[in-house]
Amino acid sequence: MESLSQLMQLLFSGLTIGSIYALIAIGFVITYNITGVLNFAQGEFAMLGALLTISLSSAGLPLYLAVILAILIVMLVGGFFERAAIYPARKSSVATLIIITIGISFVFRGAAIFIWGTQPHSLTPFSGNSPIRIFEAVLLPQSLWAVGISLAALAGMYYFFNKTYTGKAVTACVMNRFAAQLMGIKPEKMSFLSISLSAGLGALAGIIIAPISGASYQMGLMLGMKAFIAAVIGGLTNAPAAVLGAFLIGIIEAFSEGYLSSGYKDAVSFAVLLLVLFFMPNGLFSKKSGKRV
Amino acid sequence: MDIKKFTRSYRFNLYGITVLLFAVIIFPFLVPSNYIISTFILIGLYGIVCTGLVVLMGHAGQISLGHAAFYGIGAYSSAIVSGKFDFPPLAGVLTGILIACIVALLIGIPSFKLKEHYLALATLGFGVIVFTFLKEWTSLTGGLNGFFGIPPFEVAGFSFTTDRSFYFLVWAVLAFGLWFANNLIHSRTGRALKSIHGSESAAESIGINLMTSKLKALIISAVFASVAGSLYAHYISFINPQLFEVMTSIVFLIMVVIGGSSSLWGGLAGAIIYVWLVELLKDWVPLLGFSTGGEFEIVFFGVLLVVLLIFKPEGLMGSWKERKSLFSPQKKKVQDKKGAAL
Amino acid sequence: MKKWVWLFVMALVLFTISACSDSSSGEGDEIIIGGIFSASGPAAPLGKGEMDTVKMLVDKVNEDGGIDGKKIKLISYDDKSDQNEAVLSMKKLIEQEKVHAVIGGTISGNTLAMIPLAEKSEIPFISLAASKQIHNPDDKSSRKWVFKTAQGDDVVIPKVLQYLKDEGLTKIAWLNVANAYGTSGHTEFAAMAKEFGIEAVVEEEFEATVTDAKAMLTRVKKEKPQAVVVWGTAQESAVITKNIRQIGIDVPIINSHGIGTKQFIELAGAEAEGIIFPIGRLLVADQLSDDDKQKEKLLTYQKDYEAEFNAPPSTFGGHSWDAFYLLLEAIKKANGTDPEKVRDALEKDTGGFVGISGVFNINEKDHNGLSKDSLVMVKIKDGGWVINE
């Protein structure tokens with residue numbers, strides 16, 4: 001019984017953190033496929049989202065309004081970042097683009113210290129704090145929010161990419177930029193759209209995690225790294241696989257923490273990354289025939 | 001293609017070398033301050049690492065996000081061998097080289113079977129794993145409390161204790177490294193690497209073994225990083241695992257990119273710019289009226305980095321090449337990238 | 001040839017710059033103090049307050065006319081929590097700015113990297129970091145010029161162990177953050193626990209960036225400890241503390257002195273209630289009895305800091321307060337800034353110095369001078385702190 005409850009507990013923890021990685025990982029995948037950029041500033045959007053929400057809600061705004069406003073602001077910031085830094089350098093080499101995104105993440109982090117200071121901030125949970133008990137394992141309402149929102153976001157993304165005109169245009173750009181251009185789709189516009197979209201998703205992830213772990217200027221780096229592994233495990237090319245990758249990483253982390261030692265947690269998830277890279281280079285969940293996009 | 005022009009642009013210019021060598025030698029006698037000399041010691045150490053990375057990135061076309069791990073392997077090998085077991089420092093350096101070679105092989109063989117930038121991802125993971133070992137293997141490394149009391153570097157009874165003597169040691173190693181890398185680039189392996197960077201399939205079709213050529217580049221860059229790490233440990237005398245985290249690998253990458261990986265000098269140029277920019281921002285940013293703390297320095301550094309790379313995407317030395325020779329490597333790269341993105 | 005022309009131009013520029021910054025160095029009628037703090041980067045929550053405190057105090061002393069008519073000039077750098085920047089800053093302060101003494105080194109790693117420089121250049125160096133290695137190294141290397149004002153783990157851990165012993169909590173769970181702060185606490189704990197008859201039934205680590213530790217805590221729960229000791233700073237400790245309660249471990253929780261900020265109470269919310277931790281008296285200054293030696297100084301520091309920065313001071317800021325006034329005291333006693341005399345004065349003539357972190361008794365054998373009496377056990381109650389002794 002006890003081991004079952006521990007198992008449940010590990011699963012809950014893994015799913016919660018996995019859903020947060022998932023949101024950022026989707027952003028990674030969208031950005032990578034449309035602009036070819038490995039955006040190392042992705043995690044910083046989560047930091048901005050979380051801290052903005054905290055500021056807005058402590059300024060007296062109701063929580064839902066603060067969340068929406070924060071996401072919109074971060075999307076704007078993301079769009080500005082694309083215009084100012086990614087777009088002018090779009091023809092540079094992969095290494096140059098990586099360093100540009102790293103430069104941007106420095107700017108975000110420095111600005112965050114200036115605006116919010118160095119101390120961590122807190123946000124109240126979306127709904128209550130009384131844990132739900134299942135088989136002696138504890139599930140917090142905030143965890144349900146986390147998993148629920150990331151699944152909803154995934155569904156939203158699916159709808160957007162497959163059912164709306166703009167979304168289809170983005171997908172077309174991923175498939176074949178040249179052909180898309182012939183059809184009157186502007187890849188530049190899509191690049192702008194994709195980065196602000198991933199910025200919004202990142203912000204959402206940060207907002208969800210803030211009540212669980214608090215928020216500070218340096219939270220983005222770790223979240224970004226983990227989400228990046230998740231995206232690679234998923235193959236970097238399709239969003240649902242990245243989401244599965246994210247949940248997998250979350251669960252692996254929880255289990256290595258629960259059964260091994262938390263000191264080795266990061267090493268275990270990166271070891272999984274290496275194994276996946278070496279033995280299944282197209283990602284864990286890719287179909288064998290899948291064309292690399 | 002004009003072969004003569006091609007080789008000339010990559011050959012050392014003897015006149016220039018002499019002047020530069022002279023400048024490097026008299027420099028510490030002109031500058032009385034140990035502070036300036038020690039910034040140049042750091043530049044020299046980073047220069048060694050980045051020259052290795054230039055061979056890997058500019059010539060084999062592979063990105064590494066984990067070179068801090070090789071740097072750390074060198075540092076800890078030296079610390080443990082000479083600090084804990086009291087062997088001569090040279091033994092520590094050699095141990096570091098040996099381990100770095102083995103590790104580079106282990107990471108390189110599977111990575112190079114894959115296409116594109118999988119080495120970047122693999123080295124990122126590998127960097128975290130090495131960091132974890134340094135952190136958790138406390139009986140050997142001292143863990144996060146750090147390892148202190150590393151003796152000064154010593155060779156044939158001469159001990160490098162002053163900043164000036166260490167400066168000469170580091171720059172001599174760097175000069176040797178540059179000479180070695182230059183020879184390599186002009187050897188069979190170097191030309192093979194260059195052709196790989198241009199087009200892998202074309203290179204393979206004329207009988208170049210991709211695997212061994214790329215492995216050579218990776219091993220050389222790993223050895224360079226390890227030697228620099230060893231020297232660093234002896235210089236500072238205190239190390240801790242946090243020095244060898246992912247962020248340090250990224251800093252190395254920043255230096256190579258701003259310096260430009262298409263020129264052999266790019267690594268050194270990047271190291272000079274990086275170290276001095278960070279130091280100068282400390283003095284300049286307060287002059288602009290921001291005196292609160294380092295956050296403005298970070299913001300300025302980030303902005304400068306982005307602006308620099310937007311205007312000089314191939315790095316400072318890279319744009320030179322473009323003007324100097326008709327052979328321009330980046331044209332091909334652009335095509336490659338488009339291909340990858342689509 | 002363009003390449004070489006360019007290189008030379010760059011070299012020239014560098015020379016001019018270095019020449020410029022050289023000119024700022026010492027005239028005789030100023031006391032030049034160097035400061036190196038981690039005001040950004042991972043250690044920023046500690047270092048920012050330290051930097052602000054020293055800046056504020058320098059202004060205050062100068063407004064009051066300086067020391068014996070001499071003004072104080074502070075040159076402070078932010079090492080961004082990076083060891084190499086700390087080392088370069090130290091060199092710059094000593095070589096170029098010709099400082100008379102250095103205050104700083106927010107984290108132990110940076111301090112340990114700077115110590116050889118201070119020893120070699122023979123400049124008094126007062127560290128603000130905690131590690132025991134700073135003033136009492138295992139390898140017995142020289143620490144002639146190094147002092148420190150923070151309570152080391154060799155002072156804090158016995159305080160905690162004594163508390164556990166007094167409460168009869170002998171089977172405990174030990175959790176520490178996986179960084180230098182946490183591991184050095186753990187080393188000291190492992191070395192001393194037996195002396196107090198305390199046994200750790202389970203020992204675990206957690207990351208500084210931890211978001212959910214319930215997985216690890218399930219293992220802790222199984223061992224049924226009588227108390228849980230959490231050794232970390234505010235953010236991660238808050239996550240762990242919340243998780244401990246959420247998962248239903250209902251035993252006393254003892255935290256480290258790293259959580260002495262209001263942010264911890266905010267972050268941990270209702271779960272913060274009843275937490276006990278050792279800390280300097282600054283946090284509970286208003287509850288001290290009037291005959292407490294420190295009370296007046298503590299309240300003044302609190303008032304001044306709040307007026308200047310609109311936020312309460314932290315105990316870390318207190319460490320730099322102590323370093324600054326200890327140094328002034330020594331300079332006064334030494335009648336000048338001669339490094340040798342200042343060092344001797346720090347070692348011999350500052351006995352009984354009443355500071356923010358406690359009463360210092362620095363002597364030849366102990367360059368820290370704080371005892372475990374400089375700490376009090378504090379309990380979190382109704383979102384505030386009360387003395388628990």
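Residues numbered from 1 in each chain as written. Chains lettered and ligands numbered in written order. Predicted model: local features only at pLDDT ≥ 70, side-chain atom pairs only at ≥ 80, totals over all residues.

Side note on helix 11 (residues 210-236) of chain B
Residues and elements named next belong to chain B.
Here is step 1 of the chain: The end-to-end C-alpha distance of helix 11, which contains 27 residues, comes to 39 Å, matching closely the 39 Å that a straight helix rising 1.5 Å per residue would cover.
Here is step 2 of the chain: The buried count for helix 11 comes to 23 of 27 residues, which makes it a mostly enclosed element.
Here is step 3 of the chain: Looking one or two residues beyond helix 11, the residue adopting positive phi is S237, at roughly 75°. (Helix = DSSP H or I, 4+ residues; strand = E, 2+ residues; numbered from the N terminus. Expected span 1.5 Å × (residues − 1). Buried ≥ 20, exposed ≤ 12 C-beta atoms within 10 Å, placed from the backbone.)

Description of the interface of chain B and chain C
Here is step 1 of the chain: Between chain B and chain C, the residue contacts involve 34 residues of the former and 36 residues of the latter.
Here is step 2 of the chain: Mapped onto the side of chain B that touches chain C, the elements with two or more residues apiece are helix 2 (14-30), helix 3 (34-59), helix 13 (266-287) and helix 14 (295-311) of chain B.
Here is step 3 of the chain: Top element by residues in the side of chain B that touches chain C is helix 3 of chain B. It accounts for six residues.
Here is step 4 of the chain: The residue makeup of the side of chain B that touches chain C, split by class, is 16 nonpolar, 14 polar and four charged. (Contact = placed C-beta atoms within 7 Å. Nonpolar A, V, L, I, M, F, W, Y, C, P; charged D, E, K, R; others polar.)

Notes on the nonpolar core
Here is step 1 of the chain: In terms of nonpolar packing, the biggest core is built from 337 residues, with A25(A), A230(A), A242(A), V49(B), I254(B) and V229(C) touching the most fellow members.
Here is step 2 of the chain: Residues lining this core come from more than one domain, with at least three contributed by each of domain 1 (29-150 + 300-357) and domain 2 (154-279 + 375-387) of chain C.
Here is step 3 of the chain: Setting aside chain neighbours within four positions, we find A242(A) in contact with A25(A), I26(A), F28(A), V29(A), A230(A), A231(A) and G234(A). (Core = buried A, V, L, I, M, F, W, Y, C linked by C-beta atoms within 7 Å. Domains from an automatic or database assignment.)

Structural notes on the domain arrangement of chain C
All names here are of chain C.
Here is step 1 of the chain: Its domain assignment divides chain C into domain 1 (29-150 + 300-357) and domain 2 (154-279 + 375-387).
Here is step 2 of the chain: Relative to domain 2, the C-alpha centre of domain 1 lies at a distance of 30 Å.
Here is step 3 of the chain: Opposite the nine residues of domain 1 that make contact, domain 2 presents ten residues.
Here is step 4 of the chain: Taken together, the residues of the side of domain 1 that touches domain 2 break down into three nonpolar, five polar and one charged.

Some words on the packing of helix 5 (residues 89-112) of chain B against helix 11 of chain B
Residue and element names in this part refer to chain B.
Here is step 1 of the chain: Relative orientation of the contacting elements helix 5 and helix 11 amounts to 145°, with a least axis distance of 8 Å. Along this stretch, helix 5 crosses helix 11, giving a crossing that reads as right-handed.
Here is step 2 of the chain: Each residue belonging to the contact of helix 5 with helix 11 can be placed in one class, and the counts come to 18 nonpolar, seven polar and one charged. (Axes fitted to C-alpha atoms, helices over the stretch in contact; angles between N-to-C directions. Left-handed = near helix turned anticlockwise from the far one by under 90°.)

What to know about the interface of chain A and chain B
Here is step 1 of the chain: Of the residues lining the interface, 36 residues belong to chain A; the matching set on chain B comes to 37 residues.
Here is step 2 of the chain: Within the residue set of the side of chain A that touches chain B, elements represented by two or more residues are helix 4 (94-116) and helix 11 (265-279) of chain A.
Here is step 3 of the chain: Here the side of chain A that touches chain B is built from residues that sort into 24 nonpolar, eight polar and four charged.

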